[in-house]
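Chain by chain, the residues:
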Amino acid sequence: MTGIAQPSAEDRDWGGRLPLVSHGPLTEEQLATQRRMRDEVVPWARQAGAAAATAEGDLIGPFNAFVHRPATGAAFLDWVLTDQARSSLAAPLREIVILTVGTAWNCEYELYVHTAMARHAGVAEPVIEAVLAGRPSADFSSAEAAVHGFTDELTRTRFVRDDTYRLAVEAVGQTGVLDMVNLIGAYLATSALLNAFQVPAPPPAEPGRPVPPPRPEHGTRADRVRLRAPTRA
């Protein structure tokens, strides 16, 4: 388990161009969405070694924006949860797809969280490094190479060549390609949100340090977590 460099609200403006929602009055709908994010998202990130909130309990990343617009934010989270629960793609392949999108968009917070998620899912470090560098690698398995190539090509060129499509179908099947395109769409939207509002990321986790428990005043109930950290395929 990697350790979290827990950010503090005093370090910087973690909302980017958006104020942190804790800095203003909230509607009942916003409060409900904030509670859901703290109960579901914060533990999900924590168990992989990433932070979705400050030490003071302020939501960061896209989750602060979700509370600003709670109806669409909650619906977007439902989309991600449904994809995660029902996708035919193995968790390591999903993380390679997400990191490939984040790399193409140079999306700081997305890369921060999903580098931790990829390690938690068992993606090899040389594979993660190659994806973050935006290049293929001899360290990729055939399936990893296929999903990385498909995602990178679609994200950067907005088109997929026949040979790229064929390799992807051979690797994960037609259903897997459908799931991959759905996942790409979700994280293109996430990248756009994060980059438009210049949302920063905390420092990367330090390997080998234990994850500290949440502070009691901002603790969450693990038995209510619906988001699942990736597991090995």
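All figures in this text were calculated on a predicted structure; none of them were measured in a lab.

Peer 1: Help me out: how do you make sense of the overall build of the chain in this one?
Peer 2: Per the secondary structure count, the chain includes 8 helices and 0 strands. When the helices and strands of the chain are placed in sequence order, the string is α-α-α-α-α-α-α-α. Residues counted as buried form 50% of the 233 residues belonging to the chain. Sequence-distant contacts in the chain: of pairs separated by 6 or more residues, those separated by 24 or more amount to 78%. Within the structure as shown, the chain displays about 11,200 Å² of accessible surface, and the carbon and sulfur contribution to it stands at 54%.

Peer 1: Would you explain the layout of surface pockets in this entry?
Peer 2: Volume-wise, the second largest pocket comes out at about 220 Å³. As for the second largest pocket, its lining consists of 17 residues, and the residues nearest its centre are Ala145, His148, Gly149, Phe150 and Thr164. Sorting the residues of the lining of the second largest pocket by element identifies helix H7 (142–157) and helix H8 (162–196) as the ones contributing at least two each. When residues in the lining of the second largest pocket are grouped by element, the largest group, 7 residues, is from H7. Among the residues forming the lining of the second largest pocket, the class breakdown is 7 nonpolar, 5 polar and 5 charged.

Peer 1: When you look at the nonpolar core in this model, what are you seeing that I'm missing?
Peer 2: Counting 56 residues, the largest nonpolar core has Met37, Phe63, Tyr109 and Met180 as the members making the most contacts within it. Mapped onto this core, the elements with two or more residues apiece are helix H1 (28–46), helix H2 (62–68), helix H3 (70–86), helix H4 (91–105), helix H5 (108–121), helix H6 (125–133), H7 and H8. Sorting elements by how many residues they give to this core places H8 first, with 8 residues. Sequence-distant contacts of methionine 37, that is, excluding residues within four places in its chain, are made with Val42, Leu59, Phe63, Phe66, Val67, Gly73 and Leu77.

Peer 1: When you look at the packing of aromatic side chains in this model, what are you seeing that I'm missing?
Peer 2: Any aromatic ring pair is given by two values, namely how distant the centres are and how the planes are angled relative to each other. In total, this model carries 4 aromatic pairs according to the counting rule given. Considering the side-chain rings of phenylalanine 66 and phenylalanine 76, the 5.5 Å spacing of their centres and the 50° angle between planes classify their relative orientation as tilted. A residue pair is termed long-range when its members are at least 10 positions apart, and phenylalanine 66 in helix H2 and phenylalanine 76 in helix H3 qualify at 10 residues. Here phenylalanine 76 falls in the buried class, since its relative accessible area comes to 16%. With a centroid separation of 5.6 Å and 50° between ring planes, the pair formed by tyrosine 109 and tyrosine 112 is classed as tilted. Remark: tyrosine 112 and tyrosine 109 occur in helix H5; sequence separation between them is 3 residues, near one turn of the helix. The two residues tyrosine 109 and tyrosine 112 agree in class, both being buried.

Calculation rules
- Residues numbered from 1 in each chain as written.
- Predicted model: local features only at pLDDT ≥ 70, side-chain atom pairs only at ≥ 80, totals over all residues.
- Heavy atoms only, no water.
- Helix = DSSP H or I, 4+ residues; strand = E, 2+ residues; numbered from the N terminus.
- Buried < 20%, exposed > 50% of the residue type's maximum accessible area, 1.4 Å probe, protein only.
- Contact = heavy atoms within 4.5 Å.
- Areas by Shrake-Rupley, 256 points an atom, 1.4 Å probe, with all protein chains shown as cover.
- 1 Å grid on protein atoms, 1.4 Å probe; cavity = no way out; pocket = protein on both sides within 12 Å on 5 of 7 lines; lining within 4 Å.
- Points joined across faces, edges and corners; volume = space filled by probe spheres on them.
- Nonpolar A, V, L, I, M, F, W, Y, C, P; charged D, E, K, R; others polar.
- Core = buried A, V, L, I, M, F, W, Y, C linked by side-chain atoms within 4.5 Å.
- Phe/Tyr/Trp six-rings, centres within 6.5 Å; stacked < 30°, edge-to-face > 60°.

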